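Results of the structural survey
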Amino acid sequence: MKYLLQLLTVMSFGLTSLAQTSGKISGIIRDGGDQKVINAASVSLLKSKDSSLIKKDSSLIKIVVADSAGNFVFENVQEGSYFVKATSIGHNIAYSNIITISNENPISDVGVLQLLPLNKDLKEVVVNSKKPLIERKADRTIINVDASVTNTGSTVLEVLEKSPGVTVDKDGNISLKGKQGVIVMIDGKPSYMSGQDLANFLKSMPSSNLDQIELMTNPSAKYDAAGNSGIINLKTKKTKAAGFNGSLNLAYGQGIYSRTNNSLLLNYRKNKFNLFTTISANARTTSQDLYITRHFKNPDGSTSAIFEQTSYIKHKNQNYNAKVGLDYYASKNTTFGIVLTGYTTPEQTPTINTNYLKGSTGITDSIVVAESNEDMKWKNGAVNLNFRHQFDSTGTELTADIDYLNYHSNRSQYFNNYTYLPDWTPKDTDMITGELPSNINIYSAKADYTHPFKSGLKLEAGVKSSYVETDNNASYFNIINDQKEIDYDKTNRFTYKENINAAYINFSKEIKKWSFQAGLRMENTNYNGHQFGNAQHPELDSSFQKSYVDVFPTLYAGYNASEKNQFTFSIGRRINRPNYEDLNPFLFFLDKYTYAIGNPFLRPSYANVVEVSHTYKQFLTTTLNYSHTSDIFTQVFRPGTLNEFSSVISQGNYASSDQASLSVTAQIPVTKWWTSILYTEGDFVNFKGTVDGDYLNVSAGTFLINVNNQFTFGKGWSAELSGFYRTRGIDAQVIVDPLGQIDMGVQKKLLKDKASIKLNLKDPFKLYVEHGGINFHNTDATFRQYGDFQSVTLGFVYRFGKPIKGVQKRKTGGADEEQNRVKKVD
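Starting from 1, residues in each chain are numbered consecutively following that chain's sequence as written. In keeping with the predicted nature of the model, local features appear solely for residues at pLDDT of at least 70, side-chain atom pairs appear and are counted solely at 80 or more, and the whole-chain, interface and lining totals rest on all residues. Each side-chain value is worked out from all heavy atoms of the structure, with water and hydrogens disregarded.

1. A word on the overall build of the chain
Looking only at helices and strands, one finds 4 helices and 48 strands in the chain. By residue count, 53% of the 826 residues in the chain fall in the buried class. Within the chain, counting contacts between residues at least 6 apart in sequence, those at least 24 apart form 67% of the total. Accessible surface area values rest on a Shrake-Rupley calculation with a 1.4 Å probe, where residue burial reflects the displayed protein chains alone. Carbon and sulfur atoms form 57% of the exposed surface of the chain, whose accessible area is close to 36,400 Å². Helix numbers and strand numbers start at the N terminus; a helix is a DSSP run of H or I with at least 4 residues, a strand a run of E with at least 2. Relative accessibility thresholds used throughout: buried, under 20% of the residue-type maximum; exposed, over 50%; partly exposed, between the two (1.4 Å probe, protein chains only). Whether two residues touch is decided by their heavy atoms; if any such pair falls within 4.5 Å, the residues are in contact.

2. Focus: the packing of aromatic side chains
Under the pairing criterion, centres of Phe, Tyr and Trp rings, with the six-membered ring standing for Trp, must be within 6.5 Å; the plane angle then separates stacked pairs below 30 degrees from edge-to-face pairs above 60, leaving the rest tilted. Evaluation of the coordinates by the stated rule reveals 24 aromatic pairs. For the ring pair phenylalanine 83 and tyrosine 95, a centre distance of 6.1 Å and an interplane angle of 55° mean the geometry is tilted. On the criterion of sequence distance, the pair formed by phenylalanine 83 in strand E5 (residues 80-87) and tyrosine 95 in strand E6 (residues 94-95) is long-range, its members being 12 residues apart. Overall, the relative accessible area of 39% leaves tyrosine 95 in the partly exposed class. Ring centres 5.1 Å apart and planes at 40° place the aromatic pair tyrosine 404 and tyrosine 443 in the tilted group. Remark: tyrosine 443 occurs in strand E27 (residues 438-452) and tyrosine 404 occurs in strand E25 (residues 397-420); sequence separation between them is 39 residues. Judged by relative accessible area, which is 33%, tyrosine 404 ranks as partly exposed. Overall, tyrosine 443 belongs to the partly exposed group, its relative accessible area being 35%.

3. Focus on the sheet that holds strand E4 (residues 71-77)
Strand order in the open sheet formed by 3 strands is E4-E1-E8, with mixed pairing between adjacent strands. The open sheet is flanked by E4 and strand E8 (107-115), the only strands paired with a single partner. Ignoring which end each strand starts from, the neighbouring axes of this sheet average 15° apart. Note: strand E1 (residues 23-31) against E4, 5 bridges, orientation antiparallel. Bridged to glycine 23 within E4 is valine 77. If DSSP finds at least two bridges between two strands, the strands pair. To obtain an axis, a line is fitted to C-alpha atoms, over the contacting stretch when the element is a helix, and the angle between two such axes runs from 0 to 180 degrees between their N-to-C directions.

4. Quick notes on the side chain of asparagine 534
One can find asparagine 534 in the loop between strand E31 (514-532) and strand E32 (542-560). A relative accessible area of 15% places asparagine 534 in the buried class. Pairing of N or O atoms within 3.5 Å defines a polar contact, subject to two protein rules: one partner must be a possible hydrogen donor and the other a possible acceptor, and residues neighboring in sequence count only if both atoms are side-chain atoms. Among the polar contacts listed, one links the side chain of asparagine 534 to the backbone oxygen of threonine 491, at a separation of 3.0 Å. Here glutamine 536 takes part through its backbone nitrogen, which lies 3.1 Å from a polar atom of the side chain of asparagine 534. Each residue touching asparagine 534, except ones within four places of it in the same chain, is listed here: Tyr488 and Thr491.

5. Regarding the environment of leucine 678
Looking at the secondary structure, you find leucine 678 in strand E39 (residues 674-691). By relative accessible area, which is 28% here, leucine 678 ends up partly exposed. With 14 residues separating them in the primary sequence, leucine 678 and valine 664 have C-alpha atoms 7.9 Å apart. Residues in contact with leucine 678, not counting those within four places in the same chain, are Val664, Thr665, Ala666, Ile705, Asn706 and Val707.

6. So, the side chain of asparagine 708
Here asparagine 708 lies in strand E40 (residues 694-712). Apart from the residues lying within four places of it in its own chain, the contact partners of asparagine 708 are Lys162, Thr675, Ser676, Ile677, Glu720, Leu721 and Ser722.

7. Details of unusual backbone geometry
Look at asparagine 271: it is not a glycine, yet its phi comes out positive at around 55°. Counting through the fold element by element, asparagine 271 comes out in the loop between strand E19 (262-270) and strand E20 (273-297). Its identity is not glycine, yet lysine 715 carries a phi of approximately 60°, on the positive side. When its relative accessible area of 75% is taken as the criterion, lysine 715 is described as exposed.

8. Brief notes about the pattern of salt bridges
Any Lys or Arg side-chain nitrogen located within 4 Å of an Asp or Glu carboxyl oxygen qualifies as a salt bridge. Applying the stated criterion across every chain, the model contains 16 salt bridges. Here arginine 728 ties to aspartate 737 by a salt bridge, and the two come within 3.3 Å at their closest N and O atoms. On the basis of relative accessibility, which here comes to 48%, the residue arginine 728 falls in the partly exposed class. Connected through shared salt-bridge partners, Asp224, Lys464, Arg521, Glu523 and Arg577 make up one network.

9. Examining the confidence of the model for the chain
The predictor's confidence in any single residue is recorded as pLDDT, a number from 0 to 100. Overall, the predicted model of the chain reaches an average pLDDT of 81, with 85% of residues at or above 70. The secondary-structure element of the chain with the lowest mean pLDDT is helix H1 (residues 2-16), recorded at 39, while E31 shows the highest, at 93. Per-residue pLDDT stays below 50 along residues 1-21; that stretch engages in 27 contacts with residues further than four places along the chain or on separate chains. Taken together, the stretch residues 120-130 has pLDDT below 50 and engages in 5 contacts with residues farther than four places along the chain or on a different chain.

10. What to know about the pairing of E1
Counting buried residues along E1, 7 of its 9 residues qualify, which places the element largely inside the surrounding structure. Of the pairings in the sheet, the one linking E1 to E8 comprises 7 bridges and is parallel in character. Of the residues in E8, the one forming a bridge with isoleucine 25 is serine 108.

Structure representation (structure tokens):
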């Protein structure tokens, strides 16, 4: 800790020396008719070309949205002459007087801007200002969800799939800029799940709950260093006004099976108390058809055996999610809060596998039909206590969070394997059951301090400590003569404990056309694990422990070359820690011939990331990203030991990678009623390493194009036509063939824009079929999967209530990276 304090002190003195004068402009928005607060008015800062005149062609500097009390502020304003423009639906535009920022006058308050109501006799109101769909900042890209009129009625996952640089594969794994290892957070807190479970949760969450999506490929030191490819932060809508208000979201979808998507958001504010809740209840049934072929080779390359599998998998789950919270405004500057959340999802996965076991000539030797089912119930509960205090109006602030989270799952597996001769004459039967309970506790505490200086320099600093304990049991039984006999070869228990302590410091500053941000985060990690033996295998009892310290620097620079051209540069270091379940050494069966096993000796991987970006006229952005990742742990396939046709899936630190991507984003206003958003990305990746003695050196390039067309018609009608196409790509051993999809939808606003109804068609042309190959250890495998991806969805959203007064924003919790590593195995 002594060395950390010394390093932070040196950084503080070094960066403070860069300080030069930059200013701040603030003010308040009011309704000029009844003096009520106008919620979420759009406020623009424009640079005046004449120090005494307000002109419509003046250059736009920044756009902000007034807070729930009508306040707005522009920070780090360079020297010069400016004016402020305020707009809001149903009101005339208001302008401030000319403001001059200089060394002698760095801070200016424009006072109260009165937005006068438009003449109520007007039949039509044309609003000329709205939030842009995509905003670029030095360390992140922001997607304003409500800026896309067709997002209403869609799910969060559907919005993510359309976001620039984000891809979602068949298993629900989310990638950013072509790289997995992304951390998904909701209001700075994790999404509780990963893989298919995270995808199901995001499918059940209406996009109307979201305000913004933040994409951070190289997050600042303020955030946990976890996530090789960065962070996706889903910011939900906060209460912006008092009184009683809320929204109801209903959706019904039909593919091969039906699915529902329903939620209710409520908020009530009176005096110093604010009570809020979100409740959702959803049901979803989907199916998969999976075809796998494995050709086993002799050392000379000739075929020794062939395995063919046809699987029909059905997923049936319900999702019940509840959040309730209370804010207490002790004073104008101090807020205390508590948030309780809970989530449960009962799930069943019946599966039928038909396996054809063939000799070297391709003639069937035997047939195995495996009927299996998995019953699982995943529950979590969390408590967050939060505190916020603003010391003054300049933005000096202290926040703190204490979190406790518990995750518990009960998983039961049943496998009935029926073996037949080639003519389908019954041969024998074997049955296996498994009980796999798991319990995870997470404790976290953090504090963050922000202090803007008069010179324009901004300091951020904070500390965080977390403690995690997991307890996993696996009990497998063979069913013999209707009696359960424990299988000690597969039965085990594993416990894991981890403590991470972190501290960070971050500085930001604007100097004329330049903006800088530099930060340093130090994390101390301590963990230990214990694998227990059993009655027949006491030799399995073993334990391990390790402690290490890592430093994660970040640096950002921005240059506004002109009104048309802006450049940004960032460099940073990231870490990707294994999910807790991936450390579990148990066997987890997918079927008799495919199983997974954890690795308690997984090491974290590290990535060095460099990114350069150029924006032209605020509509065209070109980004070059490069990363080198060492000690990659990835999913690999190896020959299994249970039988000659089996394969095992495991994690290991097998390789390093170099990856480069070039992306272009363009928002093209084709006509007044048609906007096209084009995203293209080219990736090149090279993996080098060793898997079970086999040298791995594979490279590939992938091209992705994503087009989103938004159409806005009269009388509340709007529509969307979007799609993507991705060329062939690789992920370590796995080769994925080209993939594409087209979606379309139409929306109609109702009840004076308080409600909307949307009809959405997903993949109506059945283009989304995932197929590819895997080559490992004298085995060539291919796969082809058809999922229940095609669907038609009808959604309805209704917003109600009458807000009467603004409130402060709520603070969210701090157990972010720890929660994101909680994983359910599918």
